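Listed below, chain by chain, are the residues.
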Amino acid sequence: MKTSVNLPAIPKQPTAADKSRATAKPSVDHLMDTPLPVLMNELGVTLIDAGITDAEFFGAVVQRKTGELLLTMPADRSELEHDTVARYLLAQALGVDVPEMPAPLSTTRLKGGAV
């Protein structure tokens, strides 16, 4: 008598298409006009709520070796601030030419390329 065994699915590994999707450089208009959840999905961005409560921390973005972008932001900010800062950080990470943010916002590029 044969016994069938259900094996767990093997996690999908990123393909070249996945990597290019995650690192695609959108136009300024697309970056600014596309609803943020749609934009993040198109770019393969993972949003992580930061537990950082420092008023001077607005967020950070890191590009993994797979090309995936990890965006971490404080959860307690206004919708306008969240949307604006997310788009700006993504622009910085993807090399989209956008004007600098006014003070007190500034970005720092860490060794290894993190913004």
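These numbers come from a predicted model, not from an experiment.

Caption draft 1: Local environment of the overall build of the chain. For the chain, the helix and strand inventory stands at 4 helices and 3 strands. Across the 115 residues that make up the chain, the buried fraction comes to 31%. A fraction of 50% describes how many contacts in the chain between residues 6 or more apart in sequence connect residues 24 or more apart. Accessible area of the chain: about 8000 Å², with a carbon and sulfur share of 58%.

Caption draft 2: The arrangement of the sheet that holds strand E1 (residues 45–50) in detail. One open sheet accounts for 3 strands, arranged E1-E3-E2; its pairing is mixed. Two strands close off the open sheet at either side, each with one partner strand: E1 and strand E2 (60–63). Neighbouring strand axes in the sheet, compared pairwise and without regard to direction, differ in orientation by 20 degrees on average. Here 4 bridges tie E2 to strand E3 (residues 69–74), and the two strands are oriented antiparallel to one another. Counted as the bridge partner of Val62 is Leu70 from E3. Sitting on the sheet, helix H4 (residues 79–94) touches E1, E2 and E3, and the angle it makes with E3 is about 150 degrees.

Caption draft 3: Representation of the pairing of E3 in the model. In terms of strand pairing, E1 meets E3 through 6 bridges, oriented parallel. Across the sheet, residue Leu47 finds its bridge partner in E3, namely Leu71. The antiparallel hairpin formed by E2 and E3 contains 5 residues in its connecting segment, where Gly67 sits at a positive phi of about 100 degrees.

Caption draft 4: Structural detail: the pattern of salt bridges. Tallied over the entire structure, the rule returns 4 salt bridges. Close ionic contact of Asp76 with Arg77 constitutes a salt bridge, the shortest N to O distance being 3.5 Å. A salt bridge links Glu81 to Arg77; the nearest nitrogen and oxygen atoms lie 2.8 Å apart. One salt-bridge network, in which partners are shared between bridges, spans Asp76, Arg77 and Glu81.

Caption draft 5: Spotlight on the packing of aromatic side chains. Within the structure shown, the criterion is met by 0 aromatic pairs. One cation-aromatic arrangement involves Arg77 over Phe58; the distance from NZ or CZ to the ring centre is 5.3 Å.

Caption draft 6: Here's a closer look at H4. Compared with the 22 Å implied by 1.5 Å per residue over 16 residues, the 22 Å span of H4 between its first and last C-alpha is a close match. Listing the buried residues of H4 in full gives Val85, Ala86, Arg87, Tyr88, Leu89, Leu90, Ala91, Gln92 and Leu94.

Caption draft 7: The arrangement of the environment of Leu90 in detail. Among the secondary structure elements, Leu90 is positioned in helix H4. For Leu90 and Leu71, which are 19 residues apart along the polypeptide, the C-alpha to C-alpha distance reads 8.1 Å.

Quick notes on the rules
- Residues numbered from 1 in each chain as written.
- Predicted model: local features only at pLDDT ≥ 70, side-chain atom pairs only at ≥ 80, totals over all residues.
- Heavy atoms only, no water.
- Helix = DSSP H or I, 4+ residues; strand = E, 2+ residues; numbered from the N terminus.
- Buried < 20%, exposed > 50% of the residue type's maximum accessible area, 1.4 Å probe, protein only.
- Contact = heavy atoms within 4.5 Å.
- Areas by Shrake-Rupley, 256 points an atom, 1.4 Å probe, with all protein chains shown as cover.
- Pairing = 2+ DSSP bridges.
- Axes fitted to C-alpha atoms, helices over the stretch in contact; angles between N-to-C directions.
- Salt bridge = Lys/Arg side-chain N within 4 Å of Asp/Glu carboxyl O.
- Phe/Tyr/Trp six-rings, centres within 6.5 Å; stacked < 30°, edge-to-face > 60°.
- Lys NZ or Arg CZ within 6 Å of the ring centre and 35° of its normal.
- Expected span 1.5 Å × (residues − 1).

Treat this as a map of the structure, not an account of what it does.
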